[in-house]
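Here's the letter readout for the chains.
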Amino acid sequence: MSVRLFGPIRELHTLAGDRAPRRGESMRTTGRAESAGIAVSNGVVLDVGSWRTLRRRFGDAEQVPIEGELVTPGFVDPHTHLIWVGDRSDEFLRRCAGESYQQIAKQGGGITSTMRAVENASVKTLAAETLVRARLLLQLGTTTVEVKASYGSSVESCKHELDALARVLRRTAQRLVVTFMGAHVVPPGWSRSKWIRAIIDNLLPLAAAHPAKVSFQDAFCEEGAFSVQECRRVLRAGSRLGLVPKLHCDEFTALGGVEMACSLGAASCDHLLMSGQREFAALARSTTMAVVMPGTAFFLDKPYADARTMVDAGCALALGSDFNPGSAMTPSMLFAMGLAVSRMGLSVDEALCAATVNAAHALRGAVPASLGTLTPGAPADFCAWPVDSLNELVYGFAFLRPSAVFISGRKVC
């Protein structure tokens, strides 16, 4: 058995603990160890512990030096819209000048502007631009990324998105999880009823059978997008095809989508900026992950989701970037962690938990067991950081990048 021994590590966070999503006090336990090492074999963690003990146990192992570095599991980003083309910098400047996101959308901007760009792009272009962004995320420490095919405005353009993601799957270093999101907004030229019918009759079957290996389906439950009843109908149709439901909800208005998604056993409810005690109670009683994305609130200058109250209420909380061209041009999960601590009341330990093991649970069934941890049997996905402590890492959230990134024990960045 070939073993590689990584270390010595000044401060290691393994996120050891229960296999279940972490809630409450368990989010503040990160498996911190000093003068530590990681033994890796066949791409998975074989053992972790003190550097001295591991050197005695694996005396013949190849030693990979990481002296003086902080090491964490690789970040898991459970919510991105990574596949797009076009530029919406003009919308950003219009918002800076006082226009709202909703006003710009009503004038033909917003999601529909990206839909038009995707409609006119080739599969080759879509794949190439997505790969560039995937590599950026890798350089920022994200080793697993969820990507929503969410900008198709016809059956053909939805197929183009999925075809492009199938290419990206073959070429990216990261673990990539695909979600299909036909119910984003009603595209120009479609009636609401005809688009929903196209989703159910054509798009969901296309996604479920596509080589892009789609695992999840998603819908946008919001005023101006889709109602609770419409989202329920779409999510149930996808579930019958084996696509696990997720839901965008409570980004601008709380409509009841959280309770509906929890009743369907959704993997996650995402955004939750406008959620309150009723929604928190529903999430706490369920197996549905609460995914919050502070980069969206930062980018749109909106109130942040009440992550502190969610954790205290017993919700299983995860962080995501929501990286997209319109409402969250923020690809860094470390940036999300920093905002979670500085603006949302989380501790540094809770933020790390939310960006690793809990984020992996938001992708349940589509990623390896124990992803987001560095415990025996887990994928050896980790980042070495040019700082001495987790506190220092979060302190430098606006500019730090990892000095090395490993996937399955192999240095990829």
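Here's what I pulled together on the structure shown here. (Residues numbered from 1 in each chain as written. Predicted model: local features only at pLDDT ≥ 70, side-chain atom pairs only at ≥ 80, totals over all residues. Heavy atoms only, no water.)

**Quick notes on the overall build of the chain**
The cut-off we apply is this: In this text, helices come from DSSP runs of H or I with a minimum length of four residues, and strands from runs of E with a minimum of two, each type numbered from the N-terminal end. Buried, partly exposed and exposed residues are distinguished by accessible area as a fraction of the type maximum, computed with a 1.4 Å probe on protein chains only: under 20%, between the cut-offs, and over 50%, respectively. Should any heavy atoms of two residues lie within 4.5 Å, those residues are counted as being in contact. Using a 1.4 Å probe, the Shrake-Rupley method yields the accessible areas, and only the shown protein chains count as cover for residues.
Helix and strand counts for the chain stand at 16 helices and 16 strands. Dimensions of the chain along its principal axes, counting C-alpha atoms only, are 70 × 45 × 45 Å. Split into buried and exposed, the 413 residues of the chain put 61% on the buried side. Expressed as a percentage of contacts within the chain between residues at least 6 apart in sequence, the contacts between residues at least 24 apart total 73%. Here the chain displays about 15400 Å² of accessible surface, and carbon together with sulfur accounts for 50% of that area.

**Details of the layout of surface pockets**
Under the convention used in this document: Any residue with an atom within 4 Å of a point lines the site, the site being either a cavity, points on a 1 Å grid over the protein atoms alone where a 1.4 Å probe fits but cannot get out, or a pocket, an open set with protein on both sides within 12 Å along at least 5 of 7 lines. Grid points are joined across faces, edges and corners, and a volume is the space filled by probe spheres set on the points. Ten residues, namely Ala, Val, Leu, Ile, Met, Phe, Trp, Tyr, Cys and Pro, are considered nonpolar, four, namely Asp, Glu, Lys and Arg, are considered charged, and the remaining ones, Gly among them, are considered polar.
The computed volume of the largest pocket comes to approximately 380 Å³. The wall of the largest pocket is formed by 17 residues, among which A105, V185, E223, G224 and A225 lie closest to the centre. For the lining of the largest pocket, the secondary structure elements donating two or more residues are α3 (101–106) and α4 (111–119). At 4 residues, the largest contribution of residues to the lining of the largest pocket is made by α3. When grouped by side-chain class, the residues that make up the lining of the largest pocket number 8 nonpolar, 6 polar and 3 charged. Its volume calculated, the second largest pocket comes out at about 210 Å³. What lines the second largest pocket is a set of 18 residues, and nearest its centre among them are R19, H361, A369, S370 and L371. Among the residues forming the lining of the second largest pocket, the class breakdown is 8 nonpolar, 6 polar and 4 charged.

**Quick look at the nonpolar core**
Applied cut-off: Side-chain atoms within 4.5 Å link the members of a nonpolar core, which is a set of buried Ala, Val, Leu, Ile, Met, Phe, Trp, Tyr and Cys residues.
In terms of nonpolar packing, the biggest core is built from 106 residues, with F180, L247, L272, M310, L317, L319 and M337 touching the most fellow members. The element best represented in this core is helix α7 (residues 192–209), accounting for 8 residues. Ignoring sequence-local partners within four residues, the contact set of L317 consists of R22, M27, M289, A290, V292, A307, M310, V311, L346, A354 and N358.

**Re empty space enclosed by the protein**
Rolled over the atoms, a probe sized like a water molecule indicates the empty space that remains. Within this structure, the stated rule accounts for 1 cavity of 30 Å³ or more. In this structure, the largest cavity encloses a volume near 120 Å³. Taken together, the residues that form the lining of the largest cavity break down as 5 nonpolar, 6 polar and 3 charged.

**Regarding the packing of helix α6 (residues 155–171) against α7**
A packed helix pair is summarised by two numbers, namely the angle formed by the two axes and the spacing between the axes. Note the cut-off: Between N-to-C directions, angles span 0 to 180 degrees; the directions come from axes that are lines fitted to C-alpha atoms, helices contributing only their stretch in contact. An angle below 35 degrees is read as roughly parallel, one above 145 as roughly antiparallel, one from 65 to 115 as roughly perpendicular, and any other as oblique. The hand of a helix crossing depends on one turn: near helix anticlockwise from the far one by less than a right angle means left-handed, and clockwise means right-handed.
For the pair α6 and α7, the least separation of the axes is 11 Å and the interaxial angle reads 30°. Relative to α7, the element α6 is oriented roughly parallel. Crossing of α6 over α7 shows right-handed handedness. Residues V155, C158, K159 and L162 of α6 form the contact with α7, whose own contacting residues are W195, N202, L203, L206 and A207. Looking at the contact of α6 with α7 residue by residue, the class counts come to 7 nonpolar, 1 polar and 1 charged.

**Brief notes about the pairing of strand β3 (residues 44–50)**
Formally: We treat two strands as partners when DSSP finds at least two bridges between them.
As paired elements, strand β2 (residues 32–41) and β3 share 6 bridges and run antiparallel to each other. Residue pairing for β3: I38 is matched across the bridge by V48. Here β2 folds back onto β3, and the loop between the two strands holds 2 residues, one of which, N42, carries a positive phi near 55°.

**Focus on the sheet that holds strand β9 (residues 214–221)**
Strand pairing in a sheet is mediated by backbone hydrogen bonds. Such pairs are either parallel or antiparallel. The sheet built from 8 strands is open, its strands ordered β6-β7-β8-β9-β10-β11-β12-β13 with parallel pairing. In this open sheet, the two strands that pair with only one neighbour each are β6 (75–77) and β13 (317–319). Here the average twist between neighbouring strands, direction ignored, is 25°. Pairing geometry for β9 and strand β10 (residues 244–249), over 4 bridges, is parallel.

**Some thoughts on α7**
Using the following cut-off: In this scheme, a helix's expected span is set at 1.5 Å multiplied by one less than its residue total. To obtain the bend at a residue, axes are fitted to the seven residues ending there and to the seven starting there, and the angle between these axes is taken.
Taking 1.5 Å of rise per residue, the 18 residues of α7 would be expected to cover 26 Å, and the 25 Å separating its terminal C-alpha atoms lies within 8% of that figure. At I199, α7 is deflected by roughly 40°, the largest bend along its length. What α7 keeps buried is the set W195, I196, A198, I199, I200, L203, L204 and A207. Residues of α7 that are buried in the fold lie against α6, β8 (175–183), β9 and α8 (228–240).

**Topic: the side chain of S150**
For S150, the location among the structural elements is in the loop between β7 (142–149) and α6. On the basis of relative accessible area, S150 is assigned to the buried category, the value being 1%. Discounting chain neighbours no more than four positions away, the residues touching S150 are H81, M115, E161, M181 and H184.

**Quick notes on the pairing of strand β15 (residues 404–407)**
A two-sided burial pattern is seen for β15, the buried positions comprising A404 and F406 on one face and V405 and I407 on the other. With 3 bridges joining them, strand β14 (residues 382–385) and β15 adopt antiparallel strand pairing. Looking across to β15, one finds that A384 is bridged to A404. Examined bridge by bridge, β15 and strand β16 (residues 410–411) share 2 bridges and lie antiparallel to one another. Its bridge partner being in β16, I407 is matched across the sheet by R410. In sequence, β15 turns back onto β16 through a hairpin of 2 residues, with S408 there showing a positive phi of about 55°.

**Considering the side chain of E11**
By the secondary structure assignment, E11 is in strand β1 (residues 4–13). In contact with E11, other than residues within four places in its own chain, are R32, A33, E69, L70, V71, D388, S389 and L390.

**Description of α6**
Taking 1.5 Å of rise per residue, the 17 residues of α6 would be expected to cover 24 Å, and the 25 Å separating its terminal C-alpha atoms lies within 8% of that figure. Taken together, the buried positions of α6 are S157, C158, H160, E161, L162, D163, A164, L165, A166 and V168. Summarising the contacts, the buried residues of α6 are in contact with α4, α5 (123–139), β7, β8, α7 and β9.

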